[in-house]
Amino acid sequence: MSDRGVAGEREQGYSLAFVVVVAVFVTCLVVANVTAVKLVGVFGLVLDAGTLIFPLSYIFGDILTEVYGFRAARRVIWLAFLCNLLAVGVISLAGALPPAPIWEGQEAYETILGYAPRLLAASFVAYLVGELANSFVLAKLKVATEGRHLWARTIGSTLVGQGLDSAIFVTLAFAGTIPTSALIPIILTQWVLKSAYEALATPFTYLVVNRLKRREGVDVYDRDTSFNPLPLGR
């Protein structure tokens, strides 16, 4: 396969397809944080509702890295972080404003949309580390395998990214509040379920990746890319 994508240049066109992928990625993250407040029971397991959509951010993160390269994915990961920070800030500000005398939903608003600072910080750190690690591993594996075995690369990168995300979030959010022996089962449950989600979505990932490569004429290999986690450099 040829490196038809010119790293750092081709993604600058901001095609409709690229914008759609970015929009879905950002939406998945913001919606996951809003819906995470609800706990749901699935096959005897207690999960937050954000689990339904958050793994999609990894799927679309894989699509971004596979097609447009690590640089483009890194920018989008930071963009999503800032969008989520903006959403949380506005939601928190709205909650702090005095309610109108005729409005009786303040308590419900604070219950559903109120953010505990510790959980919020844990979520933000886990997201950045997990997504950047996922993109880094996928980009490196693409070069190492010369673009072969997409299924192995997406699942392998997700195992690393979701593993770090789950471990960091659960540890930062709950260490000291629940027994240490209970942390590991929670981490493993989240890791396995989210990674399984990615594996089951592999046919969808193949479909979107192949279509985008043909349509965009882009297939970036990160041979000379700087993997600085900050959105700077080549």
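Calculation rules
- Residues numbered from 1 in each chain as written.
- Predicted model: local features only at pLDDT ≥ 70, side-chain atom pairs only at ≥ 80, totals over all residues.
- Heavy atoms only, no water.
- 1 Å grid on protein atoms, 1.4 Å probe; cavity = no way out; pocket = protein on both sides within 12 Å on 5 of 7 lines; lining within 4 Å.
- Points joined across faces, edges and corners; volume = space filled by probe spheres on them.
- Helix = DSSP H or I, 4+ residues; strand = E, 2+ residues; numbered from the N terminus.
- Nonpolar A, V, L, I, M, F, W, Y, C, P; charged D, E, K, R; others polar.
- Salt bridge = Lys/Arg side-chain N within 4 Å of Asp/Glu carboxyl O.
- Buried < 20%, exposed > 50% of the residue type's maximum accessible area, 1.4 Å probe, protein only.
- Core = buried A, V, L, I, M, F, W, Y, C linked by side-chain atoms within 4.5 Å.
- Pairing = 2+ DSSP bridges.

Glancing now at the layout of surface pockets. There is about 830 Å³ of room inside the largest pocket. What lines the largest pocket is a set of 31 residues, and nearest its centre among them are A36, V37, D48, F169 and F174. Considering every element that reaches the lining of the largest pocket, the biggest residue donor is helix α5 (residues 117–144), with five residues. Counted by class, the lining of the largest pocket contains 21 nonpolar, seven polar and three charged residues. Taken as a whole, the second largest pocket encloses approximately 210 Å³ of empty space. Taken together, V40, V42, F43, L45, L47, D48, T51, L52, L193 and Y197 make up the full set of residues lining the second largest pocket. Counting residues per element, the ones that place at least two in the lining of the second largest pocket are β1 (39–42), β2 (45–48) and α7 (180–200). Take the lining of the second largest pocket: its biggest share by element is three residues, from β2.

Moving on to the pattern of salt bridges. Under the defined criterion, the tally for this structure stands at seven salt bridges. Here D219 and K142 are joined by a salt bridge, their closest N and O atoms 2.5 Å apart. Taken together, the residues span a long stretch of sequence, with D219 in the segment after α8 (202–216) and K142 in helix α5 at a distance of 77 residues. Residue D219 shares its accessibility class with K142, and that shared class is buried. The salt bridge partner of D165 is K194, with a shortest N-O separation of 3.8 Å. Within this pair, whereas D165 is found in helix α6 (residues 150–174), its partner K194 is found in helix α7, the two being separated by 29 residues in sequence. Summarising the burial analysis for this pair, D165 and K194 share the class buried.

Buried together is how nonpolar side chains tend to be arranged in soluble globular proteins. In terms of nonpolar packing, the biggest core is built from 36 residues, with F18, F25, I63, L64, Y68, Y127 and L212 touching the most fellow members. Sorting the residues of this core by element identifies α1 (16–35), α2 (54–68), α3 (70–96), α5 and α8 as the ones contributing at least two each. A122, A126, I168 and I187 belong to the second-largest nonpolar core, a separate cluster that totals eight residues.

Let us now look at the pairing of β1. Remember that side chains alternate between the two faces of the sheet whenever the strand is regular. Where β1 meets β2, four bridges bridge the pair, whose relative direction is antiparallel. Counted as the bridge partner of V42 is L45 from β2. The turn linking β1 back onto β2 is made up of two residues, and F43 within it adopts a positive phi angle of 50°.

These values are about where atoms sit, not about what they do.
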